[in-house]
Amino acid sequence: MENFHLSPLDISIIVAEILLVVVVGFVAARKIKRTAEGYFLASGNMPWYLIGAAFVSTSISSEQIVGTIGATYKGGLGIANWEWWALPTYLLMMVFFIPLYLRNKIMTVPELLNRRFGPACGTIYSFVILLGYVFVFLPPVIYGGSITLSELTGWNQAYVMAGIILITASYTLAGGLNAVMWTDAIQCVMLIGGGVIFYFVALQHIPGGWDAMAAAAPERFHLYQPPSDPEAPFAGLVLGTFGVFLFYQASNQVMVQRILSARSMWDGIMGMIFSGFINIVRPLVTCLVGVILYHWLEVMHKGPSLLPDNQDRAFPLALQLFAPSGLKGVILAGFFAAVMASVSSLANSIATIFSLDVYKKFINKNAGDRELITTGQVSEGLALIISSAMAPVVGDVGLFKYFQTGVTYMATPFISVLLLGIFWKRTNYEGAVAGLAGGVVIQILLGVLLAAAGLKLHWLYVAAVAQVLTMSLTVIVSLRFPEPPAERIRPFLWRWSWVQNLDDKSAQRPWWKQIRFWLSLYAIAWLYIYWRFW
């Protein structure tokens with residue numbers, strides 16, 4: 001990008017951040033137990049603050065920063081729902097899914113599917129999610145990070161991409177989940193801290209600040225958007241809470257793995273609440289700079305417009321326009337911290353699923369810990385190479401659209417079957433297989449039929465329709481076959497007693513350490529935001 005300059009101070013900050021992350025990663029790697037559980041789940045010893053920070057770092061990356069800042073520039077404050085609309089999904093996860101995983105000592109989502117339904121279910125998940133991570137999740141992360149640095153510095157994008165992969169792989173392959181979690185925590189602090197500073201510095205460039213922007217385009221400053229809104233229809237968000245969003249948080253291995261590493265139920269749930277508080281300020285980092293840049297270009301006319309199709313350039317342009325020397329380095333350091341966090345998390349989850357649910361199940365059932373760890377490391381490396389080759393495709397589709405559409409096609413079958421499996425004891429193996437396999441077909445056919453009919457339906461509505469059809473198929477098939485053995489499925493059927501034990505009353509924690517206290521504070525803050533910007 002022309003006229004963009006990184007001072008020696010900026011470069012020093014970026015290099016120092018990268019070195020810090022790598023050093024912490026290798027230090028954490030030296031402390032892990034060289035067992036499968038130690039490498040893939042950090043021996044189940046993670047405290048709440050690492051879980052919460054890692055949960056946030058994993059879900060914020062280039063497709064979140066570049067994509068949502070661009071989408072907010074184009075569509076307004078409604079895009080912030082992708083960040084703020086976390087509480088409903090988090091509540092479902094805390095009440096239904098975290099107890100399910102931790103009470104049954106689950107190591108992977110395929111293991112849960114195998115134990116609740118049968119072997120084919122875990123296999124379907126393993127292969128679909130591995131393909132999804134390699135072709136849907138990782139490419140936009142790698143593309144967003146490499147294209148942004150390339151545009152800002154003029155460096156060759158291929159070299160930038162190789163640097164991101166090699167640096168991240170160095171500590172991820174060595175240290176497994178323990179290294180990933182500790183580096184995620186540091187990267188979360190860098191990203192959120194630098195992003196909040198950048199937002200307030202950028203806002204100073206707007207005469208009259210937030211009030212002036214809201215007065216100039218009041219229609220862009222509402223979280224509620226009508227059902228016909230092309231970007232963030234509120235009705236779609238509500239439907240997505242029980243579908244796509246719930247899948248991403250509660251049955252997506254890369255996110256669930258942070259919870260599975262918790263040292264207790266209390267730590268797992270408090271980690272979620274902690275990530276919820278961080279989510280309150282997340283839009284300052286991932287969205288609202290887009291609102292500022294829109295006012296600067298479209299209202300104040302300080303430069304050429306990025307509409308209608310160049311919104312992915314909003315983040316690098318805002319950095320060029322609003323960040324002084326030194327702050328550029330802080331912001332870019334936080335940006336690449338986010339990229340490395342997502343790359344390392346996805347790579348570690350690929351290793352976990354491939355080693356424990358594919359290699360040990362189909363290739364060598366007697367594989368020991370050393371062989372499983374080595375297999376995981378090799379699969380991580382290959383996945384990163386393949387995803388890097390796929391990254392340019394993202395540029396032709398758009399970061400945000402590519403990521404969200406891809407997740408939709410993966411999410412529907414799995415969350416449909418899991419929900420039925422938790423709440424309906426009649427859900428059996430045959431019904432689950434039909435739902436998982438048939439759900440993918442339903443999602444694809446629905447997309448093809450809508451395209452053939454010329455109907456443009458928001459992807460959240462498409463996902464909701466597909467979910468209803470998939471759950472209906474699962475129910476119909478389940479009713480045609482025998483009921484599953486009660487003793488086998490009982491541990492996986494939700495019970496009210498799970499909620500009563502969330503606070504682990506045997507620990508006798510003071511009121512200021514209790515889950516209900518911190519969850520209430522988070523809920524109050526969340527309700528205020530939606531009241532203020534409705």
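The structure reproduced in this document is the subject of the present report. (Residues numbered from 1 in each chain as written. Predicted model: local features only at pLDDT ≥ 70, side-chain atom pairs only at ≥ 80, totals over all residues. Heavy atoms only, no water.)

Re the nonpolar core
1) Next: By size, the foremost hydrophobic cluster in this structure holds 155 residues, and its most contacted members are Phe 97, Ile 98, Phe 198 and Leu 293.
2) Next: At 16 residues, helix 9 (residues 157-203) tops the list of elements feeding residues into this core.
3) Next: Setting aside anything within four residues of it in sequence, one finds Leu 293 in contact with Tyr 73, Leu 306, Ala 314, Leu 317, Ala 318, Leu 321 and Phe 322. (Core = buried A, V, L, I, M, F, W, Y, C linked by side-chain atoms within 4.5 Å. Buried < 20%, exposed > 50% of the residue type's maximum accessible area, 1.4 Å probe, protein only. Helix = DSSP H or I, 4+ residues; strand = E, 2+ residues; numbered from the N terminus. Contact = heavy atoms within 4.5 Å.)

A closer look at helix 3 (residues 48-59)
1) Next: Here helix 3 contains 12 residues, and its C-alpha end-to-end distance of 17 Å stays within 8% of the 16 Å for a straight helix at 1.5 Å per residue.
2) Next: All buried positions along helix 3 are accounted for by Leu 50, Ile 51, Gly 52, Ala 53, Ala 54, Phe 55, Val 56, Ser 57, Thr 58 and Ser 59. (Expected span 1.5 Å × (residues − 1).)

Overview of the packing of aromatic side chains
Each aromatic ring pair is characterised by the separation of its centres together with the angle its planes make.
1) Next: For the structure shown, the criterion picks out 31 aromatic pairs.
2) Next: Seen in terms of ring centroids, Trp 85 and Phe 234 are 5.1 Å apart; in terms of plane orientation they differ by 75 degrees. Their pairing is edge-to-face. Here Trp 85, found in the loop between helix 5 (81-84) and helix 6 (87-103), pairs with Phe 234, found in helix 11 (residues 234-241); they are 149 residues apart in sequence, far enough to count as distant.
3) Next: Ring centres 5.0 Å apart and planes at 65 degrees place the aromatic pair Phe 96 and Trp 494 in the edge-to-face group. Taken together, the residues Phe 96 in helix 6 and Trp 494 in the loop between helix 22 (486-489) and helix 23 (496-500) connect sequence positions 398 residues apart.
4) Next: Residue classification places Phe 96 among the buried residues on the basis of a relative accessible area of 17%.
5) Next: Here Trp 494 falls in the partly exposed class, since its relative accessible area comes to 23%.
6) Next: Sitting over the ring of Trp 296, Lys 302 keeps its end group 5.7 Å from the ring centre. (Phe/Tyr/Trp six-rings, centres within 6.5 Å; stacked < 30°, edge-to-face > 60°. Lys NZ or Arg CZ within 6 Å of the ring centre and 35° of its normal.)

Description of the packing of helix 10 (residues 209-216) against helix 15 (residues 288-299)
1) Next: Between helix 10 and helix 15, the shortest axis-to-axis distance is 11 Å and the interhelical angle comes to 65 degrees. Helix 15 is crossed by helix 10, and the crossing has left-handed handedness. Contacts from Trp 210, Ala 212, Met 213 and Ala 216 in helix 10 reach Leu 288, Val 291, Ile 292, His 295 and Val 299 in helix 15.
2) Next: Taken together, the residues of the contact of helix 10 with helix 15 break down into 8 nonpolar, 1 polar and no charged. (Axes fitted to C-alpha atoms, helices over the stretch in contact; angles between N-to-C directions. Left-handed = near helix turned anticlockwise from the far one by under 90°. Nonpolar A, V, L, I, M, F, W, Y, C, P; charged D, E, K, R; others polar.)

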